[in-house]
Amino acid sequence: MGARTESHEEQKNSFSPVEVQKEASGNDKSVDDWLPISAERNAKWWYAAFHNVTAMVGAGVLSLPYAMSELGWGPGVVILILSWMITFFTLWQMVEMHEMVPGKRFDRYHELGQYAFGEKLGLWIVVPQQLICEVGVDIVYMVTGGTSLQKFYSTVTNGKSFKLTYFIMIFASCHFVLSFLPNFNSISVISLAAAVMSLSYSTIAWTASLAKGVQQDVQYGYIATTTPGTVFNFLSALGNVAFAYAGHNVVLEIQATIPSTPDNPSKKPMWRGVVFAYIIVAICYFPVAFIGYWMFGNAVQSDILISLSKPTWLIAVANMFVVIHVIGSYQIYAMPVFDMMESTLVKKLHFKPTFRLRFITRTSYVALTMFIAMTFPFFGALLGFFGGFAFAPTTYYLPCIMWLAIYKPKIFSLSWTINWICIILGILLTILAPIGGLRQIIVQASTYTFYS
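The protein carries the name Amino acid transporter transmembrane domain-containing protein in an unreviewed UniProt entry, which gives Protea cynaroides as its organism. In the Sequence similarities (unreviewed entry) part of its UniProt record, the protein is described as follows: "Belongs to the amino acid/polyamine transporter 2 family. Amino acid/auxin permease (AAAP) (TC 2.A.18.2) subfamily."

Before we go on, may I ask you to explain the overall build of the protein in this structure?
Broken down by element type, the protein carries 17 helices and zero strands. The proportion of buried residues among the 452 residues of the protein is 53%. Considering only residue pairs separated by 6 or more positions, the protein has 85% of its internal contacts joining residues 24 or more positions apart. For the protein, the exposed surface amounts to about 20,000 Å²; the carbon and sulfur share of it is 69%.

Can you walk me through a nonpolar patch on the surface in this structure?
The grouping of Val 78, Leu 82, Trp 420, Ile 421, Ile 424, Leu 425, Ile 427, Leu 428, Ile 431, Leu 432 and Ile 435 at the surface amounts to a nonpolar patch, some 930 Å² of accessible area in total. Secondary-structure elements contributing two or more residues to the nonpolar patch are α5 (73-97) and α17 (414-445).

What should I look at first to understand helix α10 (residues 227-244) in this one?
Along an α-helix, a turn takes 3.6 residues, which lines up residues three or four apart on a common side. Between its first and last C-alpha, α10 extends 26 Å over 18 residues, near the 26 Å set by a 1.5 Å rise per residue. The element α10 is extensively covered by neighbouring structure, given that 13 of its 18 residues are classed as buried. By the N-cap criterion, in which a side-chain oxygen at the helix start approaches the backbone nitrogen of a residue two or three places on, α10 is capped by Thr 226, the distance to Gly 229 being 3.2 Å.

Would you mind showing me how to read the packing of aromatic side chains here?
Summed over all chains, the structure comprises 26 aromatic pairs. On the basis of an interplanar angle of 5° and a centroid distance of 5.8 Å, the ring pair of Phe 286 and Phe 290 is categorised as stacked. Within this pair, Phe 286 and its partner Phe 290 are both found in helix α12 (residues 267-296), separated by four residues, close to a single helical turn. The same class applies to Phe 286 as to Phe 290, namely buried. Here Phe 412 and Trp 416 contribute two aromatic rings whose centre-to-centre distance is 5.0 Å and whose plane-to-plane angle is 65°, an arrangement assigned as edge-to-face. Over the aromatic face of Trp 34 sits the side chain of Arg 358, whose NZ or CZ is 4.2 Å from the ring centroid.

Is there a simple way to think about the nonpolar core in this case?
Nonpolar side chains tend to gather and get buried jointly when the protein is soluble and globular. Of all hydrophobic cores here, the largest spans 122 residues; its most connected members are Leu 80, Leu 112, Met 142, Tyr 245, Tyr 285, Tyr 396 and Met 402. The leading source of residues in this core is α12, at 17 residues. Residues contacting Leu 80, with those up to four places away along its chain left out, are Leu 64, Met 68, Val 241, Tyr 245, Phe 286, Ala 289 and Phe 290. Membership of the second largest hydrophobic core comes to six residues, among which are Val 31, Trp 34, Leu 35 and Leu 357.

I'm lost on the side chain of Thr 375 in this one. Help?
Here Thr 375 lies in helix α15 (residues 355-375). The class of Thr 375 is buried, set by a relative accessible area of 7%.

I keep staring at helix α8 (residues 164-178) and nothing clicks. Help me out?
The first and last C-alpha atoms of α8 sit 22 Å apart over 15 residues, in line with the 21 Å expected at 1.5 Å per residue. Inspection of α8 places Leu 164, Thr 165, Phe 167, Ile 168, Phe 171, Ala 172, His 175 and Leu 178 among the buried residues, and these make up the whole buried set. Buried residues of α8, seen end-on, are gathered within an arc of 160° and therefore sit on one face of the element.

Where do I start with the environment of Ala 405 in this structure?
Positionally, Ala 405 belongs in helix α16 (residues 379-407). We classify Ala 405 as partly exposed; its relative accessible area is 28%. Spatially, the C-alpha atom of Ala 405 lies 7.6 Å from that of Phe 117, the residues being 288 residues apart in sequence.

Quick question: what am I supposed to make of the packing of helix α7 (residues 119-156) against α15 here?
When two helices pack together, their arrangement is given by the angle between the helix axes and by the axis-to-axis distance. Relative orientation of the contacting elements α7 and α15 amounts to 60°, with a least axis distance of 8 Å. Taken together, the axes of α7 and α15 lie oblique to each other. Pair α7 / α15 crosses with right-handed handedness. For the pair α7 and α15, contact is made by Glu 134, Val 135, Asp 138, Ile 139, Met 142 and Val 143 and by Tyr 365, Val 366, Thr 369, Met 370, Ile 372 and Ala 373, respectively. Here the residues of the contact of α7 with α15 are counted per class, giving nine nonpolar, one polar and two charged.

So what exactly am I meant to see when it comes to the packing of α7 against α8 here?
As a packed pair, α7 and α8 sit with axes 8 Å apart at the nearest point and diverge in direction by 115°. For the pair α7 and α8, the crossing hand works out as right-handed. Along the contact surface, α7 presents Tyr 141, Met 142, Val 143, Gly 145, Gly 146, Thr 147, Leu 149, Gln 150 and Tyr 153, while α8 presents Leu 164, Phe 167, Ile 168, Ile 170, Phe 171, Ala 172 and His 175. Classifying every residue of the contact of α7 with α8 by side-chain character gives 11 nonpolar, five polar and no charged.

Help me understand the environment of Ile 435, please; the structure alone is not making it clear to me.
Here Ile 435 is to be found in helix α17. A relative accessible area of 38% means that Ile 435 is categorised as partly exposed. Separated by 200 residues in sequence, Ile 435 and Leu 235 place their C-alpha atoms 6.7 Å apart.

Help me understand the side chain of Thr 394, please; the structure alone is not making it clear to me.
With respect to the helices, strands and loops of the structure, Thr 394 is situated in helix α16. For Thr 394, a relative accessible area of 1% translates into the label buried. Side-chain polar atoms of Thr 394 contact the side chain of Asn 249, separated by 2.9 Å.

Can you help me understand unusual backbone geometry in this one?
Note: most residues except glycine have negative phi, and most peptide bonds are trans. One non-glycine residue with positive phi stands out, namely Asp 217, at about 60°. By secondary structure assignment, the location of Asp 217 is in the loop between α9 (188-212) and α10. Unusually for a residue other than glycine, His 350 sits at a positive phi of about 65°.

Hey, could you run me through the pattern of salt bridges in this one?
Pairs can form between side chains of opposite charge whenever their charged atoms are close. With the rule as written, the count across this model stands at nine salt bridges. We note a salt bridge from Asp 303 to Lys 151, for which the minimum N-O separation is 2.5 Å. Taken as a pair, Asp 303 in the loop between α12 and α13 (304-307) and Lys 151 in helix α7 lie far apart in primary sequence, 152 residues in all. The buried category is assigned to Lys 151, whose relative accessible area is 19%. Each of Arg 108, Glu 111 and Asp 339 takes part in one network of salt bridges that share partners.

Definitions and limits used
- Residues numbered from 1 in each chain as written.
- Predicted model: local features only at pLDDT ≥ 70, side-chain atom pairs only at ≥ 80, totals over all residues.
- Heavy atoms only, no water.
- UniProt positions renumbered as here; feature names shortened; annotations may be inferred.
- Helix = DSSP H or I, 4+ residues; strand = E, 2+ residues; numbered from the N terminus.
- Buried < 20%, exposed > 50% of the residue type's maximum accessible area, 1.4 Å probe, protein only.
- Contact = heavy atoms within 4.5 Å.
- Areas by Shrake-Rupley, 256 points an atom, 1.4 Å probe, with all protein chains shown as cover.
- Patch = residues over 30% accessible without salt bridge, like charges linked within 9 Å, V, L, I, M, F, W, Y side chains within 5 Å.
- Salt bridge = Lys/Arg side-chain N within 4 Å of Asp/Glu carboxyl O.
- Expected span 1.5 Å × (residues − 1).
- Polar contact = N/O pair within 3.5 Å; in protein donor to acceptor, adjacent residues only side chain to side chain.
- Phe/Tyr/Trp six-rings, centres within 6.5 Å; stacked < 30°, edge-to-face > 60°.
- Lys NZ or Arg CZ within 6 Å of the ring centre and 35° of its normal.
- Core = buried A, V, L, I, M, F, W, Y, C linked by side-chain atoms within 4.5 Å.
- Arc of directions from axis to C-beta.
- Axes fitted to C-alpha atoms, helices over the stretch in contact; angles between N-to-C directions.
- Parallel < 35°, antiparallel > 145°, perpendicular 65-115°, else oblique.
- Left-handed = near helix turned anticlockwise from the far one by under 90°.
- Nonpolar A, V, L, I, M, F, W, Y, C, P; charged D, E, K, R; others polar.

What follows is the structure in structure tokens.
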């Protein structure tokens, strides 16, 4: 009787494998509901549109006329338009692959990589590159935000200024607050404002250039006077162009916020948003690049707003628009990093999903990117280096490799051929572009004083 009672108690207090599985599944769901990427799935197609504009149109658009001066008219026009077409194609691939498996969504870039290359190999291929991209962008945007604040202050105070370090700290201060917004949907207003600002300052840049007219004695030859200098500048400009098309690193995470059903999969509203976003990208990039270079030639500055010193009030407004835009862009690129950190800490290291954990991880991340930006504030060189080294793989050819690995199109078919062309061009960009950017970093570092 005692044995029977004990056995009954054991059965009462134990769980069947099915019950354990249900409990584990419930815990995973509660964690997913807490994580930034998978917390809410009620976004509309226009959310995808302005999130993608904010992610894509960075302050790097203002450096495109300078990139044109290093590339030259013919190569510059071809490279800019070809990059737009290739990245539009690879972005379509990402949107399609998000729900290629019925009933499953690849909410994160590395999840798609794991499906394409295997559980472990996919992580090692995707995660390092994605982290370099997203952290790299946030470092560059720390520099960009600080530099634009400094230019704004200098413009409105007739030349007075402080160390760039202080302005980077001021820019970072808002992110110590904004970083506690829990997920993509919670930063929608910030992202919308950033998208509007990007279109605004791009329009100011090319219309003010057009109003200024073609400068006297304008020249369109290469800036460098030596062949090695010309080659290195050309390579660095390739990186600047690659940096301009960086939205692929967050596109799956953006699509994850859109609801999906068998009758209305998320790729439909997502693709509508992407098409709208890429039209805005073209409206921002091409007029700024081509008109800016046409008006100033090889005398154009690395930031077109510097060449446009007047009207003073308009340049001040444009710089403040840049600040607002990169505030939103920083948050867009930081959110997947927050998701990676919090997911690892909760799911792998078994920390409790609490506000304290979120406070420590996100504050530490903002502080780290601020510190690196204050230490190495080489804006143009960072664009070239990160553009080639980090963005070319995840933007130009990694989606193509995954497409070939998953769908296995027939050899020499149209799909197979287009993908391999993108892969070859992307690999060349990855190899060549960082060389120019790294050289510029070395040259600038030789005369740089830390925290000046």
